[in-house]
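# Per-entry structural report
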There are 2 protein chains.
Amino acid sequence: MKKTVGVSPKVNSDLTAKARIRNAAFALYANYGEDATSMRAIAEAAGVTVGLVVHHFRTKDGLREVIEQHIVDLFFGAIKQVPLEGTTAEIAAARDEAVADMLSDNPAVVGYLRRALLDPMGHRGRILEMLTDLAAKQVATLRNVGVASKAHRDSSQVIGVMIRQLGQLFLQPMVDSMWSQLAGPNAAEDDKPLLVVKVQES
Amino acid sequence: MKKTVGVSPKVNSDLTAKARIRNAAFALYANYGEDATSMRAIAEAAGVTVGLVVHHFRTKDGLREVIEQHIVDLFFGAIKQVPLEGTTAEIAAARDEAVADMLSDNPAVVGYLRRALLDPMGHRGRILEMLTDLAAKQVATLRNVGVASKAHRDSSQVIGVMIRQLGQLFLQPMVDSMWSQLAGPNAAEDDKPLLVVKVQES
DNA sequence: ATCAACACTATACGAATGTATAGTATACTA
DNA sequence: TAGTATACTATACATTCGTATAGTGTTGAT
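These notes cover the structure that comes with them. Owing to the predicted nature of the structure, the values given are computational and were not obtained by experimental measurement.

Quick look at the protein's contact with DNA strand D now. Near DNA strand D you find 16 residues, and of these Met 39, Arg 40 and Lys 60 of chain A together with Ala 17 and Thr 49 of chain B are the closest. Taking the atoms of DNA strand D that fall within 4 Å of the protein, sugar and phosphate contribute 57% of them. His 55 of chain B places a polar side-chain atom, nitrogen or oxygen, 3.5 Å from a phosphate oxygen of DNA strand D. Residue assignment for the surface near DNA strand D shows that the elements contributing at least two residues are helix H3 (39-46) and helix H4 (50-57) of chain A together with helix H4 (50-57) of chain B. Per-element tally for the surface near DNA strand D: the top contributor is H4 of chain B, with 4 residues. Tallied by class, the residues present in the surface near DNA strand D amount to 6 nonpolar, 7 polar and 3 charged.

The environment of DNA strand C is formed by 16 residues, the closest being Ala 17 and Thr 49 of chain A together with Met 39, Arg 40 and Lys 60 of chain B. A breakdown of the atoms of DNA strand C within 4 Å of the protein gives sugar and phosphate a share of 59%. Note that a base nitrogen of DNA strand C is positioned 2.9 Å from one of the side-chain N or O atoms of Arg 40 of chain B. Side-chain polar atom of Lys 60 of chain B to a phosphate oxygen of DNA strand C: 2.7 Å apart, as the coordinates give it. Breaking the surface near DNA strand C down by element, the ones donating at least two residues are H4 of chain A together with helix H3 (39-46) and H4 of chain B. Class assignment for the residues of the surface near DNA strand C results in 6 nonpolar, 7 polar and 3 charged.

A few words now on the relation of the copies chain B and chain A. Each copy superposes on the other: chain B lies on chain A with an RMSD of 0.2 Å after a rotation of 180 degrees and an axial shift of 0.1 Å. The transformation just described matches what one would write down for a two-fold rotation axis. Identified as the residue of chain B closest to the rotation axis by C-alpha distance is Val 197 of chain B, at 2.3 Å. Comparing interface residues between copies, 100% of those in chain B also sit at the interface in chain A, which points to an isologous, same-surface contact.

Across its 12 residues, helix H7 (residues 107-118) of chain A extends 17 Å between first and last C-alpha, which sits within 8% of the 16 Å expected from 1.5 Å per residue. By the criterion of burial, H7 of chain A is predominantly enclosed, with 10 of the 12 residues buried.

All right, on to the interface of chain B and chain A then. Taken together, the contacts link 48 residues of chain B with 48 residues of chain A. Roughly 4,300 Å² is buried in total at the junction of chain B and chain A, and carbon and sulfur atoms are behind 69% of that figure. When the buried area of chain B at its contact with chain A is split by residue, Leu 118, Met 174 and Leu 182 of chain B rank highest and sum to 15% of it. Of the charged contacts, one joins Asp 119 of chain A and Arg 115 of chain B as a salt bridge, the two residues approaching to 2.6 Å between their closest N and O atoms. Here chain B is connected to chain A by 11 residue pairs in polar contact (both at pLDDT 80 or more). Elements with a minimum of two residues in the side of chain B that touches chain A: helix H2 (17-32), helix H7 (107-117), helix H8 (127-145), helix H9 (151-183) and strand E1 (194-200) of chain B. Here the element with the most residues in the side of chain B that touches chain A is H9 of chain B; it accounts for 19 residues. For the side of chain B that touches chain A, a count of residues per class yields 27 nonpolar, 11 polar and 10 charged. As judged from the 7 bridges shared by strand E1 (residues 194-200) of chain A and E1 of chain B, these two strands associate in the antiparallel manner. Bridge pairing in E1 of chain B links Lys 198 of chain A to Val 196 of chain B.

In this structure, Phe 75 and Leu 113 of chain A together with Phe 75, Tyr 112 and Leu 113 of chain B are the most contacted members of the largest nonpolar core, which totals 106 residues. Ignoring any residue separated from it by four or fewer positions in sequence, one finds Tyr 112 of chain B in contact with Phe 26, Tyr 29, Ala 30, Arg 64, Ile 67, Glu 68, Ile 71, His 123 and Ile 127 of chain B.

This part takes up the side chain of Arg 95 of chain B. Residues and elements named next belong to chain B. By secondary structure assignment, the location of Arg 95 is in helix H6 (residues 88-105). No salt bridge is formed by the buried Arg 95; the nearest opposite charge belongs to Asp 96, separated by 8.0 Å. Setting aside residues no more than four positions away along its own chain, Arg 95 makes contact with Ile 79, Val 82, Leu 84, Gln 138, Thr 141 and Leu 142.

A separate point is the packing of aromatic side chains. Centre-to-centre distance and the angle between the planes together describe a pair of aromatic rings. Residue and element names in this part refer to chain A. In total, this model carries 2 aromatic pairs over all chains according to the counting rule given. Look at Phe 26 and Tyr 112: their rings are 6.1 Å apart centre to centre, the planes differ by 65 degrees, and that puts the pair in the edge-to-face class. Of the two residues, Phe 26 is situated in helix H2 (residues 17-32) and Tyr 112 in helix H7; the sequence distance between them amounts to 86 residues. Summarising the burial analysis for this pair, Phe 26 and Tyr 112 share the class buried. Just above the ring of Phe 57 sits the side chain of Lys 18; from NZ or CZ to the centre is 6.0 Å.

Criteria and cut-off values
- Throughout this document, residue positions are counted from 1 along each chain, in the order its sequence is written.
- Ligands are numbered from 1 and chains lettered from A, in the order in which they are written.
- Only residues with pLDDT of 70 or above have their local features reported here, since the model is predicted, and side-chain atom pairs are shown and tallied only from 80 upward, although totals for entire chains, interfaces and linings are computed over all residues.
- With hydrogens and water excluded, all non-hydrogen atoms of the structure serve as input to the side-chain values.
- Proximity is defined per residue: any heavy atom of the residue falling within 4 Å of a molecule or strand makes that residue near it.
- N or O atoms within 3.5 Å of each other form a polar contact, as long as, within protein, one can give a hydrogen and the other can take it, and as long as residues adjacent in sequence are counted only when both atoms are side-chain atoms.
- In this text, helices come from DSSP runs of H or I with a minimum length of four residues, and strands from runs of E with a minimum of two, each type numbered from the N-terminal end.
- Note that Gly is not counted as nonpolar here; it falls among the polar residues with everything else outside the nonpolar set of Ala, Val, Leu, Ile, Met, Phe, Trp, Tyr, Cys and Pro and the charged set of Asp, Glu, Lys and Arg.
- We superpose the copies by least squares over the C-alpha atoms of residues that have a pLDDT of at least 70 in both of them.
- The contact criterion used throughout is that any non-hydrogen atoms of two residues lie within 4.5 Å.
- For a helix, the expected span equals 1.5 Å multiplied by the number of residues minus one.
- The buried label applies to any residue whose accessible area, calculated with a 1.4 Å probe on protein chains only, is under 20% of its type's maximum; exposed applies above 50%, and partly exposed to all values in between.
- Each of two parts loses accessible area, computed with a 1.4 Å probe, when they are put together; buried area is these two losses added.
- When a carboxyl oxygen of Asp or Glu is within 4 Å of a side-chain nitrogen of Lys or Arg, the pair counts as a salt bridge.
- One requirement defines pairing of two strands: DSSP has to find at least two bridges between them.
- Note on terminology: a nonpolar core comprises buried Ala, Val, Leu, Ile, Met, Phe, Trp, Tyr and Cys residues joined through side-chain atoms within 4.5 Å.
- Charge counting treats Lys and Arg as positive and Asp and Glu as negative, with His and both chain ends excluded.
- The criterion for an aromatic pair is that two Phe, Tyr or Trp rings (for Trp, the six-membered ring) have centres within 6.5 Å, with stacked assigned to planes under 30 degrees apart, edge-to-face to planes over 60 apart and tilted to the rest.
- Any Lys NZ or Arg CZ found within 6 Å of a ring centre and within 35 degrees of that ring's normal is scored as a charge over the ring.

Next up, the structure:
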């Protein structure tokens, strides 16, 4: 009974073994966490042996580095593709939507980040810092083409962007669990409460 | 260099070994997660040997059961102590405050729940179900003394109570990290953005 | 065709883990 | 005071883990 979590084998089967290993590890990390995922489980999910995982990525640290860089690339790719046209607000909104689309296409990103960000003591990577930097740079380019916002507001805006997008996704599984326990598994979906997360400037 | 996380040794030292083991395990689980905490680490933090941990709790499952029951007791104790006087809204508000106080007195509860609830695939306990049940019962007693709310709204209310209380606590660490990275470690505390989490009825 | 680089497998090893067992000290009951 | 249950320690064992090493197949340039 081998389960394939998150990655479609059809898509996966004509990738290089190295890419398959990275994808398998990414999906497993997102679903079960890095510590609960053994190199042997990664190898099996990718259809190779442990030795090859070590050959391509050396250690688990190496694997995590590649995965986190991949996540940053996904964010950057999503933001990059929206043109710098229109008002600042329009650009910001278009970026929000592009990122939201990317997240919905790549659920493993959400799962991985949920674990990484909400486990401040345990996580050994630097993904939060990398993403915060990326978001800060994006806000800065926005300021260059549009109205300048007061510099000390920039930080709040960066945090606002990330929390709005991720916070809701992080907590929604908890709402879903409770909803199905309370209302029964086959209750009307449209009655389900919606989560709203926002940051308030002080 | 042995660190004592969360538990004051002064308070701890005149407890029974069994209670010390439970407290040590609770604090370690909250900070590092169950999987990353070995029985030997628990034993060392409690000042005993591994054998005694096994003697008192049999397995890690047994330990988790006791800890989760302890958490439920803390919630129940907080709610129980507010008298059923005043309007429904007043009772509900007083309960919210009692729970908030309990959470601030027992940070390990927040840490433990953050891990348990945000790790839907990995967690092996039943704490979310237990707490949802408890919250549902409390909403039900509220309905008996006050105005009846439509039954299908009860679920939303239960979810609202738990999310309002826990959601903000779960996400705030993420805001804090980003804030100190962006604004520098010694920026003015009162500029820090405030997180608001709520559920919206559909 | 040869040789070197690379992809990949097989196996092994030490460390850490959860738990079992056997034994010792301490406390309680008769 | 004797005896037994309970608290507690010490040690052992099988399993799983990350990683290292040695070897086999495969490809591609000359």
